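Observations on chain architecture
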Amino acid sequence: GDVQVVPLIKTTISDDRGDEPCYDGYPASELINKGYDIPHVIGLLWDKRLISKQEAEIIKRIMMLSADHGPCVSGALTTIIAACAGIGMSQAVAAGLIMIGPRFGGAVTDAGRYFKYAVENKMSVDEFLAYMKKNVGPVPGIGHRVKSLRNPDKRVKELVGYVKSLGIKTPHLDFALEVEKVTAAKKDNLILNVDGTMAAVLVDIGFPVDSLNGFFILSRTIGLIGHWTDQRRQESRLIRLFDYLVNYAAPKRREVPPLK
Ligand code: ACO
Ligand code: LMR
(Lines give C-alpha, C1' and ligand atoms only; values in the text may rest on other atoms or scores of the structure.)
(Ligands and ions follow the chains in the order given, each with its own letter.)
Protein backbone atom coordinates (compact mmCIF):
# COMPACT_ATOMS: atom_id res chain seq x y z
CA GLY A 1 0.00 0.00 0.00
CA ASP A 2 0.94 3.70 0.11
CA VAL A 3 3.60 4.84 2.52
CA GLN A 4 2.93 8.18 4.14
CA VAL A 5 5.98 10.24 5.00
CA VAL A 6 5.74 13.13 7.40
CA PRO A 7 7.68 16.06 5.87
CA LEU A 8 10.87 16.92 7.73
CA ILE A 9 10.61 20.62 6.94
CA LYS A 10 8.03 22.94 5.46
CA THR A 11 9.03 25.79 3.18
CA THR A 12 6.76 28.54 1.99
CA ILE A 13 9.21 30.64 -0.05
CA SER A 14 10.91 28.74 -2.84
CA ASP A 15 10.88 25.62 -4.98
CA ASP A 16 13.66 24.31 -7.22
CA ARG A 17 12.10 21.08 -8.37
CA GLY A 18 11.44 22.37 -11.87
CA ASP A 19 14.07 23.54 -14.35
CA GLU A 20 14.79 26.72 -12.35
CA PRO A 21 14.06 28.15 -8.93
CA CYS A 22 10.72 29.80 -8.28
CA TYR A 23 10.70 32.54 -5.68
CA ASP A 24 7.32 32.58 -3.98
CA GLY A 25 6.06 30.93 -7.14
CA TYR A 26 7.68 33.24 -9.69
CA PRO A 27 10.31 31.70 -12.01
CA ALA A 28 13.65 33.52 -11.63
CA SER A 29 14.10 33.92 -15.40
CA GLU A 30 10.65 35.46 -15.78
CA LEU A 31 11.43 37.97 -13.05
CA ILE A 32 14.66 38.90 -14.85
CA ASN A 33 13.06 39.14 -18.27
CA LYS A 34 10.19 41.27 -16.98
CA GLY A 35 12.62 43.81 -15.51
CA TYR A 36 12.53 42.90 -11.82
CA ASP A 37 15.64 43.41 -9.73
CA ILE A 38 17.48 42.10 -6.65
CA PRO A 39 15.26 44.09 -4.21
CA HIS A 40 12.23 42.31 -5.69
CA VAL A 41 13.87 38.95 -4.99
CA ILE A 42 14.46 40.14 -1.41
CA GLY A 43 10.79 41.10 -1.15
CA LEU A 44 9.71 37.66 -2.39
CA LEU A 45 12.10 35.62 -0.25
CA TRP A 46 11.97 37.69 2.94
CA ASP A 47 8.37 38.84 2.94
CA LYS A 48 6.61 36.74 0.25
CA ARG A 49 5.59 39.95 -1.45
CA LEU A 50 6.16 41.40 -4.91
CA ILE A 51 7.24 44.88 -3.86
CA SER A 52 6.60 48.00 -5.93
CA LYS A 53 9.14 49.82 -8.09
CA GLN A 54 9.30 52.58 -5.50
CA GLU A 55 9.92 50.16 -2.63
CA ALA A 56 12.60 48.40 -4.71
CA GLU A 57 14.34 51.71 -5.31
CA ILE A 58 14.36 52.44 -1.56
CA ILE A 59 15.88 49.01 -0.84
CA LYS A 60 18.48 49.43 -3.56
CA ARG A 61 19.55 52.73 -2.02
CA ILE A 62 19.68 51.23 1.49
CA MET A 63 21.94 48.48 0.17
CA MET A 64 24.21 50.89 -1.70
CA LEU A 65 24.56 53.16 1.33
CA SER A 66 25.34 50.38 3.80
CA ALA A 67 27.55 48.12 1.65
CA ASP A 68 30.75 49.25 3.37
CA HIS A 69 32.04 51.76 5.88
CA GLY A 70 35.78 51.41 5.59
CA PRO A 71 38.26 49.05 7.24
CA CYS A 72 38.02 50.29 10.85
CA VAL A 73 34.52 49.14 11.81
CA SER A 74 34.07 45.92 13.79
CA GLY A 75 32.94 43.75 10.87
CA ALA A 76 35.50 44.81 8.26
CA LEU A 77 38.38 44.81 10.75
CA THR A 78 37.56 41.24 11.78
CA THR A 79 37.36 40.05 8.17
CA ILE A 80 40.65 41.80 7.40
CA ILE A 81 42.39 40.19 10.38
CA ALA A 82 41.05 36.81 9.30
CA ALA A 83 42.12 37.35 5.68
CA CYS A 84 45.63 38.25 6.87
CA ALA A 85 45.71 35.06 8.94
CA GLY A 86 45.15 33.11 5.72
CA ILE A 87 41.53 32.24 6.46
CA GLY A 88 39.34 31.43 3.45
CA MET A 89 36.61 33.73 2.15
CA SER A 90 33.53 32.15 3.63
CA GLN A 91 35.04 31.84 7.11
CA ALA A 92 36.62 35.31 7.06
CA VAL A 93 33.39 36.90 5.87
CA ALA A 94 31.45 34.87 8.45
CA ALA A 95 33.84 36.16 11.14
CA GLY A 96 33.03 39.73 10.09
CA LEU A 97 29.32 38.97 10.03
CA ILE A 98 29.51 37.63 13.57
CA MET A 99 30.41 41.16 14.70
CA ILE A 100 27.02 42.42 13.55
CA GLY A 101 25.06 42.73 16.75
CA PRO A 102 23.39 45.17 19.15
CA ARG A 103 26.12 47.79 18.94
CA PHE A 104 27.28 47.43 15.36
CA GLY A 105 24.93 47.00 12.40
CA GLY A 106 22.60 44.60 14.16
CA ALA A 107 20.40 47.18 15.85
CA VAL A 108 18.08 47.39 12.85
CA THR A 109 15.55 44.80 13.99
CA ASP A 110 15.30 46.19 17.51
CA ALA A 111 15.18 49.77 16.27
CA GLY A 112 12.26 48.78 14.03
CA ARG A 113 10.62 46.84 16.85
CA TYR A 114 10.71 49.73 19.33
CA PHE A 115 9.87 52.54 16.89
CA LYS A 116 6.89 50.42 15.82
CA TYR A 117 5.89 49.85 19.43
CA ALA A 118 6.05 53.59 20.10
CA VAL A 119 4.03 54.53 17.01
CA GLU A 120 1.42 51.80 17.64
CA ASN A 121 1.00 52.96 21.22
CA LYS A 122 0.95 56.65 20.22
CA MET A 123 3.80 57.37 22.63
CA SER A 124 5.34 60.80 22.88
CA VAL A 125 9.12 60.97 22.48
CA ASP A 126 9.50 61.59 26.22
CA GLU A 127 7.32 58.58 27.05
CA PHE A 128 9.31 56.47 24.59
CA LEU A 129 12.67 57.49 26.02
CA ALA A 130 11.47 56.88 29.58
CA TYR A 131 10.16 53.46 28.54
CA MET A 132 13.45 52.57 26.82
CA LYS A 133 15.53 53.74 29.78
CA LYS A 134 13.47 51.68 32.20
CA ASN A 135 12.98 48.52 30.13
CA VAL A 136 15.59 48.27 27.39
CA GLY A 137 18.72 50.42 27.78
CA PRO A 138 20.39 52.30 24.92
CA VAL A 139 17.87 53.11 22.21
CA PRO A 140 18.65 50.88 19.21
CA GLY A 141 19.15 53.03 16.12
CA ILE A 142 20.39 56.03 18.06
CA GLY A 143 24.04 56.96 18.60
CA HIS A 144 27.29 56.67 16.72
CA ARG A 145 30.91 56.36 17.76
CA VAL A 146 32.19 59.03 15.35
CA LYS A 147 29.19 60.60 13.63
CA SER A 148 27.43 63.45 15.39
CA LEU A 149 25.56 66.70 14.82
CA ARG A 150 28.93 68.30 14.03
CA ASN A 151 30.05 65.40 11.85
CA PRO A 152 26.77 64.28 10.25
CA ASP A 153 26.29 60.93 8.57
CA LYS A 154 25.64 61.73 4.90
CA ARG A 155 24.18 58.24 4.39
CA VAL A 156 21.39 59.06 6.81
CA LYS A 157 20.73 62.48 5.27
CA GLU A 158 20.65 60.94 1.79
CA LEU A 159 18.17 58.21 2.71
CA VAL A 160 15.91 60.48 4.74
CA GLY A 161 15.95 63.12 1.97
CA TYR A 162 15.08 60.58 -0.70
CA VAL A 163 12.28 58.88 1.21
CA LYS A 164 10.77 62.22 2.25
CA SER A 165 10.90 63.40 -1.39
CA LEU A 166 8.55 60.56 -2.38
CA GLY A 167 5.65 62.06 -0.47
CA ILE A 168 4.70 58.70 1.09
CA LYS A 169 3.49 58.26 4.69
CA THR A 170 6.49 57.67 6.98
CA PRO A 171 5.20 57.62 10.57
CA HIS A 172 8.13 55.57 11.89
CA LEU A 173 10.78 57.68 10.20
CA ASP A 174 9.04 60.84 11.43
CA PHE A 175 9.00 59.46 14.97
CA ALA A 176 12.66 58.40 14.78
CA LEU A 177 13.62 61.91 13.65
CA GLU A 178 11.70 63.37 16.60
CA VAL A 179 13.58 61.02 18.94
CA GLU A 180 16.85 62.19 17.43
CA LYS A 181 15.95 65.83 18.13
CA VAL A 182 15.72 65.05 21.84
CA THR A 183 18.66 62.63 22.17
CA ALA A 184 21.08 64.67 20.04
CA ALA A 185 20.27 67.75 22.09
CA LYS A 186 21.43 65.83 25.18
CA LYS A 187 24.63 64.54 23.59
CA ASP A 188 25.61 65.41 20.04
CA ASN A 189 26.57 61.90 18.91
CA LEU A 190 23.14 60.53 19.86
CA ILE A 191 21.95 60.99 16.29
CA LEU A 192 19.64 58.73 14.30
CA ASN A 193 22.15 56.28 12.86
CA VAL A 194 22.14 54.11 9.73
CA ASP A 195 20.58 51.17 11.56
CA GLY A 196 17.80 53.32 12.97
CA THR A 197 17.11 55.09 9.69
CA MET A 198 16.87 51.95 7.62
CA ALA A 199 14.75 50.32 10.33
CA ALA A 200 12.24 53.17 10.38
CA VAL A 201 12.03 53.32 6.58
CA LEU A 202 11.68 49.55 6.19
CA VAL A 203 8.92 49.37 8.79
CA ASP A 204 7.23 52.26 6.98
CA ILE A 205 7.21 50.24 3.73
CA GLY A 206 5.87 47.19 5.53
CA PHE A 207 8.83 44.86 6.09
CA PRO A 208 8.46 42.56 9.08
CA VAL A 209 10.60 43.47 12.08
CA ASP A 210 12.31 40.06 12.11
CA SER A 211 13.70 40.58 8.61
CA LEU A 212 15.27 43.96 9.28
CA ASN A 213 18.79 43.01 10.42
CA GLY A 214 18.96 41.07 7.16
CA PHE A 215 19.22 44.31 5.22
CA PHE A 216 22.42 45.31 6.99
CA ILE A 217 23.84 41.77 6.94
CA LEU A 218 23.18 41.38 3.23
CA SER A 219 24.52 44.79 2.26
CA ARG A 220 27.61 44.64 4.46
CA THR A 221 28.48 41.20 3.06
CA ILE A 222 29.32 43.07 -0.16
CA GLY A 223 31.90 45.13 1.72
CA LEU A 224 33.28 42.20 3.71
CA ILE A 225 33.90 40.22 0.51
CA GLY A 226 35.60 43.34 -0.85
CA HIS A 227 37.91 43.56 2.18
CA TRP A 228 38.79 39.87 1.96
CA THR A 229 39.65 40.03 -1.75
CA ASP A 230 41.53 43.31 -1.20
CA GLN A 231 43.82 41.70 1.38
CA ARG A 232 44.36 38.65 -0.83
CA ARG A 233 45.23 40.84 -3.79
CA GLN A 234 47.82 42.63 -1.68
CA GLU A 235 49.18 39.32 -0.32
CA SER A 236 48.90 40.88 3.13
CA ARG A 237 50.91 39.42 5.98
CA LEU A 238 49.66 38.15 9.31
CA ILE A 239 48.45 40.95 11.58
CA ARG A 240 49.74 41.08 15.15
CA LEU A 241 48.61 43.95 17.34
CA PHE A 242 51.45 46.31 18.32
CA ASP A 243 52.19 46.38 22.05
CA TYR A 244 51.83 50.15 22.16
CA LEU A 245 48.16 49.74 21.26
CA VAL A 246 47.58 47.74 24.43
CA ASN A 247 47.26 49.05 27.95
CA TYR A 248 48.99 46.26 29.85
CA ALA A 249 47.24 46.55 33.18
CA ALA A 250 47.97 43.00 34.38
CA PRO A 251 50.18 42.60 37.53
CA LYS A 252 53.92 43.07 36.89
CA ARG A 253 56.00 39.92 36.52
CA ARG A 254 56.42 38.37 40.01
CA GLU A 255 57.79 35.25 41.59
CA VAL A 256 55.50 32.23 41.75
CA PRO A 257 55.17 31.19 45.44
CA PRO A 258 55.96 27.60 46.44
CA LEU A 259 53.04 25.20 45.87
CA LYS A 260 51.20 24.55 49.15
N1 ACO B 1 20.51 55.57 23.73
C2 ACO B 1 20.68 56.20 24.90
N3 ACO B 1 21.88 56.55 25.39
C4 ACO B 1 22.94 56.23 24.67
C5 ACO B 1 22.84 55.57 23.42
C6 ACO B 1 21.56 55.24 22.97
N7 ACO B 1 21.39 54.60 21.82
N8 ACO B 1 24.08 55.39 22.93
C9 ACO B 1 24.94 55.92 23.80
N10 ACO B 1 24.26 56.43 24.85
C11 ACO B 1 24.82 57.09 26.01
C12 ACO B 1 25.42 56.05 26.95
O13 ACO B 1 24.46 55.58 27.87
C14 ACO B 1 26.51 56.83 27.62
O15 ACO B 1 25.95 57.67 28.61
P16 ACO B 1 26.79 58.11 29.91
O17 ACO B 1 27.96 58.89 29.36
O18 ACO B 1 25.81 58.90 30.68
O19 ACO B 1 27.21 56.81 30.53
C20 ACO B 1 27.02 57.73 26.50
O21 ACO B 1 25.92 57.88 25.59
C22 ACO B 1 28.21 57.13 25.78
O23 ACO B 1 27.90 55.78 25.44
P24 ACO B 1 28.92 54.80 24.72
O25 ACO B 1 28.28 53.46 24.58
O26 ACO B 1 30.26 54.89 25.36
O27 ACO B 1 29.03 55.54 23.32
P28 ACO B 1 29.66 55.02 22.02
O29 ACO B 1 30.06 56.18 21.25
O30 ACO B 1 30.68 53.97 22.25
O31 ACO B 1 28.38 54.28 21.41
C32 ACO B 1 27.07 53.04 20.03
C33 ACO B 1 28.16 54.09 20.10
C34 ACO B 1 27.61 51.68 20.46
C35 ACO B 1 26.58 52.96 18.59
C36 ACO B 1 25.89 53.44 20.97
O37 ACO B 1 25.42 54.72 20.65
C38 ACO B 1 24.75 52.44 20.96
O39 ACO B 1 24.82 51.43 21.64
N40 ACO B 1 23.68 52.72 20.17
C41 ACO B 1 22.56 51.84 20.07
C42 ACO B 1 22.89 50.67 19.17
C43 ACO B 1 22.96 51.06 17.71
O44 ACO B 1 22.08 51.71 17.19
N45 ACO B 1 24.00 50.59 17.01
C46 ACO B 1 24.17 50.82 15.58
C47 ACO B 1 25.19 51.88 15.30
S48 ACO B 1 25.25 52.30 13.55
C49 ACO B 1 26.03 50.99 12.82
O50 ACO B 1 26.65 50.19 13.46
C51 ACO B 1 25.94 50.83 11.35
C1 LMR C 1 29.02 51.33 9.80
O2 LMR C 1 28.27 51.55 8.86
O3 LMR C 1 29.81 50.38 9.83
C4 LMR C 1 28.98 52.23 10.93
O5 LMR C 1 28.14 53.29 10.88
C6 LMR C 1 29.70 51.91 12.14
C7 LMR C 1 30.87 52.86 12.28
O8 LMR C 1 31.46 52.86 13.36
O9 LMR C 1 31.18 53.59 11.35
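Scroll up to find the structure.
Keep in mind the model is a prediction, meaning the values are calculated, not measured. (Residues numbered from 1 in each chain as written. Chains lettered and ligands numbered in written order. Predicted model: local features only at pLDDT ≥ 70, side-chain atom pairs only at ≥ 80, totals over all residues. Heavy atoms only, no water.)

1. So, the site of ligand 1
- Among the 19 residues in the neighbourhood of ligand 1, the closest are listed as Gly 105, Val 139, Gly 141, Ile 142 and Asn 193.
- Within the side chain of Asn 193, one N or O atom sits 2.8 Å away from an oxygen atom of ligand 1.
- Compared with its free state, where it exposes 910 Å², ligand 1 has 63% of that area covered by protein.
- A per-class count over the shell around ligand 1 returns nine nonpolar, six polar and four charged. (Near = heavy atom within 4 Å. Polar contact = N/O pair within 3.5 Å; in protein donor to acceptor, adjacent residues only side chain to side chain. Areas by Shrake-Rupley, 256 points an atom, 1.4 Å probe, with all protein chains shown as cover. Nonpolar A, V, L, I, M, F, W, Y, C, P; charged D, E, K, R; others polar.)

2. Brief notes about the sheet that holds strand S2 (residues 22-23)
- The antiparallel open sheet is built from three strands, whose spatial order is S1-S2-S3. At either margin of the open sheet sits one strand with a lone partner, and together these are strand S1 (14-15) and strand S3 (26-27). (Pairing = 2+ DSSP bridges. Helix = DSSP H or I, 4+ residues; strand = E, 2+ residues; numbered from the N terminus.)

3. Some words on the site of ligand 2
- In the region of ligand 2, the neighbouring residues are His 69, Val 73, Phe 104, His 144, Arg 155 and Arg 220.
- One nitrogen or oxygen atom from the side chain of His 69 is found 2.7 Å from an oxygen atom belonging to ligand 2.
- Between His 144 and ligand 2, the recorded distance is 2.7 Å, taken from a side-chain N or O atom to an oxygen atom.
- Here ligand 2, which alone exposes 270 Å², has 82% of that area covered by the protein.

4. Considering the pattern of salt bridges
- Counting across every chain of the model gives 15 salt bridges.
- A salt bridge links Lys 34 to Glu 30, with the nearest nitrogen and oxygen atoms 3.3 Å apart.
- Notably, a salt bridge pairs Glu 158 with Arg 61, separated by 4.0 Å at the nearest N-O pair. Placement of Glu 158 in helix H8 (residues 154-165) and of Arg 61 in helix H3 (residues 53-66) is noted, with a sequence separation of 97 residues between them.
- We classify Glu 158 as partly exposed; its relative accessible area is 35%.
- Among the residues examined, Arg 61 registers a relative accessible area of 26% and is labelled partly exposed.
- Through salt bridges that share partners, Glu 57, Lys 60, Arg 61 and Glu 158 make up one connected network. (Salt bridge = Lys/Arg side-chain N within 4 Å of Asp/Glu carboxyl O. Buried < 20%, exposed > 50% of the residue type's maximum accessible area, 1.4 Å probe, protein only.)

5. What about the nonpolar core?
- Of all hydrophobic cores here, the largest spans 47 residues; its most connected members are Ile 59, Phe 115, Phe 128, Met 198 and Leu 202.
- Looking at this core, the elements with two or more residues in it are H3, helix H6 (108-120), helix H7 (125-135), H8, helix H9 (171-186), helix H10 (194-204) and helix H11 (212-233).
- If you tally residues by element for this core, the top one is H10, at seven residues.
- Setting aside its immediate chain neighbours within four residues, Leu 202 contacts Ile 59, Ile 62, Phe 207, Leu 212 and Phe 215. (Core = buried A, V, L, I, M, F, W, Y, C linked by side-chain atoms within 4.5 Å. Contact = heavy atoms within 4.5 Å.)

6. Notes on helix H2 (residues 38-47)
- If you check which residues of H2 are buried, you get Pro 39, His 40, Ile 42, Gly 43 and Leu 44.
- Along its buried surface, H2 packs onto S2, S3, helix H1 (28-33), H3 and H11.
- Of the residues one or two after H2, Lys 48 is the one with positive phi, at around 50 degrees.

7. Some points on the environment of Val 179
- Along the chain, the position of Val 179 falls in helix H9.
- On the basis of relative accessible area, Val 179 is assigned to the buried category, the value being 0%.
- It is 16 Å that separates the C-alpha atoms of Val 179 and Lys 147, two residues lying 32 residues apart in sequence.
- With residues up to four places along the chain from it excluded, the contact list for Val 179 reads Phe 115, Val 125, Phe 128, Leu 129 and Ile 142.

8. What about the packing of aromatic side chains?
- As enumerated under the stated definition, the model contains eight aromatic pairs in all.
- Pairing Phe 104 with Phe 216 gives two aromatic rings, centres 5.7 Å apart and planes at 85 degrees, and the pair type is edge-to-face. Remark: Phe 216 occurs in helix H11 and Phe 104 occurs in the loop between helix H5 (89-98) and H6; sequence separation between them is 112 residues.
- Under the relative-accessibility criterion, Phe 104 is labelled buried at 14%.
- Geometrically, the ring pair formed by Phe 242 and Tyr 244 is stacked, given 5.5 Å between the ring centres and 5 degrees between the ring planes. This pair shows no difference in class: Phe 242 is exposed, exactly as Tyr 244 is. (Phe/Tyr/Trp six-rings, centres within 6.5 Å; stacked < 30°, edge-to-face > 60°.)

9. Observations regarding the state of the cysteines
- Within the structure shown, the criterion is met by zero disulfides.
- Looking at the unpaired Cys 84, the closest cysteine sulfur is the one in Cys 72, lying at 13 Å.
- For Cys 84, a relative accessible area of 8% puts it in the buried group. (Disulfide = S-S within 2.5 Å.)

Don't take any of this as a statement about function, it's just geometry.
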